[in-house]
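Structural features, examined
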Amino acid sequence: MSGQKKLWWTLLAMAMILSFSTATASAQGGGTLIGGFDVGPGGLPQTVPWVQTAGNTWLSKIWSPLVSYNEDVSGLAPQLAVAWEANEDNTIWTFTLREGVVWHDGEPFTAKDVKFTFDFVLSPGSTFSGPPQAAALTILGARAYNAGEAAELAGVRVVDDLTVEFELEAPNPRFPFKLVDSYILPAHAVNFAPSEIATTDWWFTNPVGTGPFMHEEFVRDQFWAVVPNPNYWNGAPRLDRLINRYFEDETAAILALEAGEIHFTYASGDVALQLGEKGYTLHQGPSGVTNYFIFNYRNPVFQDVRVRQAFLYAIDRQAIAEVILGGTAQVVPCLGAFPNMWPAEYNDYAYNPDLARQLLAEAGWQQTEPIELVTYYSSQFHMDAMAAQQQYLADVGINVVPRVDADGYNAYFYTGEGWQISYRGLGNNPGNYPFQFYETGGYPNAVGDTGTLMGQSFPELDALIAAARQEADPDRYTELLQEICAFQNENAIEAYMWTALRFGVASTDLVDFYWFPAPGGGPYEDHPELWAVAE
């Protein structure tokens, strides 16, 4: 950061603080909280609803979806909807809306706004994109309406002011999860065309939402300031002002935090731990991305479970997580990145090189050439991890050679050709489990008869996935995810390593502040109405 720019920000921060000081007498008295809410993997500076692939931590401060993730992304939390239920075959979902909600300009929120939102974003010529688009297009008639082949959107119906119904083109027992980042727009206040969703300045000049904060000031590439919504349904926020400040990179945000210019930012693991030692408050959680070895079963040696288990026993995953990765990763028993996806009991494959050698001997392991460990990861974090994995495996007689192919990886990985073992990451959470990666026929273009990425089918796993896909009861669904985890763990379908922890760092003067590293920034329930800055 240049000296002139730093001085500018220092003066601005002082002005913000002074502004807060004069405002506290008449407002909630919670102070001004300045954060780098769009720093890090979950952030996306200056994005807007209906085109966003991340940045939801900030967007949800102004706009609201029907439902969001809960605090730790293990389930859903009510937002504009307070209840939801499906018909018997999960093709029609009925949402009961929260009573008494008003928009920032005082107009009442009703089911007509929900209907308007989906009619609007699905209109022909709409420039919506990303995850919200994918969810909307599963609504009955959405594709035809969006293509201009239907006069109206048939799949969203207003039942009454507080009830709205979605009919889907196919059964989906977890459709509400698809709506977490679908922000509802005001029918009376949107004054731009669907073709301008991605380009209109409305979002930054006179936006109207139902979230806990209302737009106050936006300066491109600098900051976005909001003030409390006195009519927020969870209660008026305690803060007097909330500011999202933009940074060129993480380092600039950390410098601003240490200079006292901001109260919060994302920080990579090693930096976060250093700041923790200096007294800053750490907020941490699983990234939701599991790192693992996927074996290519087209090579017969990987069809022997003893070989796959030997890989796990050979690598001291806990030591790598604690020492090499500095305590910034959590070892996992299966693909599931979150503990509620794990069974009560599982094999932890604790480091046991003697058992690894025994299993390899029983399997008749003989290796004449090195096996490439191909990956698209090029960060120091993963390079250090792979170097350690290579050493551990060599100690038991498995010779692997890491190969980074960041540019070409996707061109061949999904065909099943050109790789033996891949070290990769796969994002997942209870509402968005990547069943396709395991199902027979999940990747029809993959080489071989099974249509699986790994080149082999597992009928028992297929049955569990089929049951989970159609299970509507949340508790039973979670049990099925745990049973899938147990199968993956017992059979070492892949060699599961860890999920990286992600960190937010906050100054100690924040009160009741909460942050979680949700994929895409959530949105998740973080109760911003409770946040405050201590005097």
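No experiment lies behind these values; they were computed from the predicted model shown. (Residues numbered from 1 in each chain as written. Predicted model: local features only at pLDDT ≥ 70, side-chain atom pairs only at ≥ 80, totals over all residues. Heavy atoms only, no water.)

**Concerning the overall build of the chain**
What counts here: Only DSSP runs of H or I covering at least 4 residues are called helices, and only runs of E covering at least 2 are called strands; the numbering of each starts at the N terminus. Note on method: radius of gyration uses C-alpha positions; expected globular size equals 2.2 Å times residues raised to 0.38. The buried label goes to any residue with under 20% of its type's maximum accessible area, the exposed label to any with over 50%, and the partly exposed label to all in between, with areas taken from a 1.4 Å probe on protein chains only. Every accessible area reported is derived by Shrake-Rupley at a probe size of 1.4 Å, with residue values counting cover from the shown protein chains alone. Only four residue types enter the charge count, namely Lys and Arg as positive and Asp and Glu as negative; His and the chain termini do not. By convention, the charge on Lys lies at NZ, on Arg at CZ, on Asp at CG and on Glu at CD.
The helix and strand tally for the chain stands at 16 helices and 19 strands. Over its C-alpha trace the chain gives a radius of gyration of 25 Å, about what one expects of a compact globule, namely 24 Å for 535 residues. Along the first, second and third principal axes, the C-alpha atoms of the chain reach 75 × 60 × 40 Å. Every one of the 535 residues in the chain was classed for burial, and the buried ones make up 55%. As displayed, the chain offers around 21,300 Å² of accessible surface, 49% of which is attributable to carbon and sulfur atoms. Between the centroid of the 25 positive side chains of the chain and the centroid of its 63 negative side chains there is a distance of 3 Å.

**Concerning empty space enclosed by the protein**
Applicable threshold: In this analysis, the protein atoms alone were mapped onto a 1 Å grid. Cavities are point sets where a 1.4 Å probe fits without being able to get out; pockets are open sets with protein on both sides within 12 Å along at least five of seven lines; lining residues have an atom within 4 Å of a point. Grid points are joined across faces, edges and corners, and a volume is the space filled by probe spheres set on the points. Only Asp, Glu, Lys and Arg are considered charged in this grouping, and only Ala, Val, Leu, Ile, Met, Phe, Trp, Tyr, Cys and Pro are considered nonpolar; every other residue, Gly among them, is considered polar.
Under the counting rule described, the total for this entry stands at two cavities of 30 Å³ or more. In terms of lining residues, the largest cavity is bounded by 17 residues, among which V39, G42, G43, W515 and G521 are the most central. For the lining of the largest cavity, the class distribution of residues is nine nonpolar, six polar and two charged. Here the second largest cavity is characterised by a volume of approximately 120 Å³. Lining the second largest cavity are 16 residues, with S60, Q79, Y232, Y524 and D526 positioned closest to its centre. Split into classes, the residues belonging to the lining of the second largest cavity amount to eight nonpolar, five polar and three charged.

**Topic: unusual backbone geometry**
Going from G522 to P523, the amide bond is cis rather than trans, its omega being 5°. Here P523 lies in the loop between β18 (510-511) and β19 (532-533). Unlike most non-glycine residues, A492 shows phi in positive territory, near 45°. Along the chain, the position of A492 falls in the loop between α16 (474-491) and β17 (495-506).

**What to know about the layout of surface pockets**
Estimated volume of the second largest pocket: approximately 330 Å³. Along the wall of the second largest pocket there are 19 residues; nearest its centre are L76, R174, F177, A472 and P474. At the level of secondary structure, the elements contributing two or more residues to the lining of the second largest pocket comprise β4 (81-86), α6 (175-178) and α16. In terms of residue count, α16 provides more of the lining of the second largest pocket than any other element does, four residues in total. Split into classes, the residues belonging to the lining of the second largest pocket amount to eleven nonpolar, four polar and four charged.

**Looking at the nonpolar core**
Where we set the bar: Only buried Ala, Val, Leu, Ile, Met, Phe, Trp, Tyr and Cys residues count toward a nonpolar core, and they belong to the same one when joined by side-chain atoms within 4.5 Å. Whether two residues are in contact is decided by their heavy atoms, any of which lying within 4.5 Å being enough.
L66, F95, F118, L122, F166 and F293 are the most contacted members of the largest nonpolar core, which has 165 residues in total. With eight residues, β17 is the largest single contributor of residues to this core. Apart from residues no more than four positions distant in its own chain, F118 is found in contact with W50, A136, I139, L153, V156, F166, L179, S182 and I184.

**Observations concerning the pairing of strand β7 (residues 163-167)**
Our working rule: When DSSP finds two or more bridges between a pair of strands, those strands are recorded as paired.
The element β7 is largely enclosed, with a buried count of four among its five residues. The pairing of strand β5 (residues 92-97) with β7 spans five bridges and is antiparallel. Bridging from a neighbouring strand, T94 pairs with E165 of β7. Here strand β6 (residues 156-160) pairs with β7 via four bridges, running antiparallel. Across the sheet, residue V156 finds its bridge partner in β7, namely F166.

**Brief notes about the state of the cysteines**
Each disulfide is one covalent bond, formed between the sulfur atoms of two cysteines. For clarity, the threshold we go by: The term disulfide is used for any two cysteine sulfur atoms that are within 2.5 Å.
According to the stated counting rule, one finds one disulfide in the structure shown. Covalently, C334 is tied to C485 through a disulfide, its sulfur atoms 2.1 Å apart. Between C334 and C485, the disulfide has an S-S torsion of -95° and is therefore left-handed. Here C485 lies in helix α16 and C334 lies in the loop between β13 (329-331) and α12 (353-362), a separation of 151 residues in the sequence. We classify C334 as buried; its relative accessible area is 1%.

**Focus on the pairing of strand β10 (residues 241-245)**
Counted residue by residue, β10 has five buried out of five residues, so it is predominantly covered. With burial as the criterion, each face of β10 is covered, one bearing R241, I243 and R245 and the other bearing L242 and N244. As paired elements, strand β1 (residues 32-36) and β10 share four bridges and run parallel to each other. Looking at the pairing, I34 lines up with I243 of β10. Bridge count between strand β9 (residues 223-228) and β10: four bridges; the pairing is antiparallel. Looking at β10, one finds that W224 is bridged to N244.

**Digging into the packing of aromatic side chains**
Short version of the rule: Think of it this way: a Phe, Tyr or Trp ring, Trp meaning its six-membered ring, pairs with another when their centres are within 6.5 Å, and the plane angle makes it stacked under 30 degrees, edge-to-face over 60, tilted otherwise.
What the rule picks out here adds up to 49 aromatic pairs. On the numbers, 5.5 Å between centres and 80° between planes, the contact of F95 with F166 is edge-to-face. Here the residue F95 occupies a position in strand β5, and F166 occupies one in strand β7, the gap between them amounting to 71 residues. A relative accessible area of 0% places F95 in the buried class. With a centroid separation of 4.6 Å and an interplanar angle of 40°, the aromatic rings of Y232 and W233 are classed as tilted.

**Brief notes about the sheet that holds β4**
Strands in a sheet are paired, the pairing made by backbone hydrogen bonds, and the direction either parallel or antiparallel. For clarity, the threshold we go by: Only the stretch in contact is used when fitting a helix axis, every axis being a line fitted to C-alpha atoms; angles between N-to-C directions are given from 0 to 180 degrees.
Taken in spatial order, the four strands make up an open sheet running β4-β5-β7-β6, and their pairing is antiparallel. The sheet is open, and its two borders are formed by β4 and β6, each paired with just one other strand. Averaged over all pairs of adjacent strands, the angle between their axes in this sheet comes to 20°, without regard to strand direction. Relative to β5, β4 is paired through five bridges, and the arrangement is antiparallel. Following the sheet pairing, W84 is matched in β5 by F95.

**A short note on α16**
Condition: Every helix has an expected span of 1.5 Å times one less than the residues it contains. Polar contact criterion, stated in full: a pair of N or O atoms within 3.5 Å, where within protein one must be able to donate a hydrogen and the other to accept it, and residues adjacent in sequence count only if both atoms are side-chain atoms.
Here α16 is 18 residues long and its end C-alpha atoms lie 26 Å apart, about the 26 Å a rise of 1.5 Å per residue gives. Against the buried residues of α16 lie α15 (459-470) and β17. Put simply, D473 is the residue that caps the front of α16, since its side-chain oxygen is 3.2 Å from the backbone nitrogen of D475. Directly beyond the C-terminal end of α16, a positive phi value near 45° is found at A492.

Nothing here speaks to function; it is geometry throughout.
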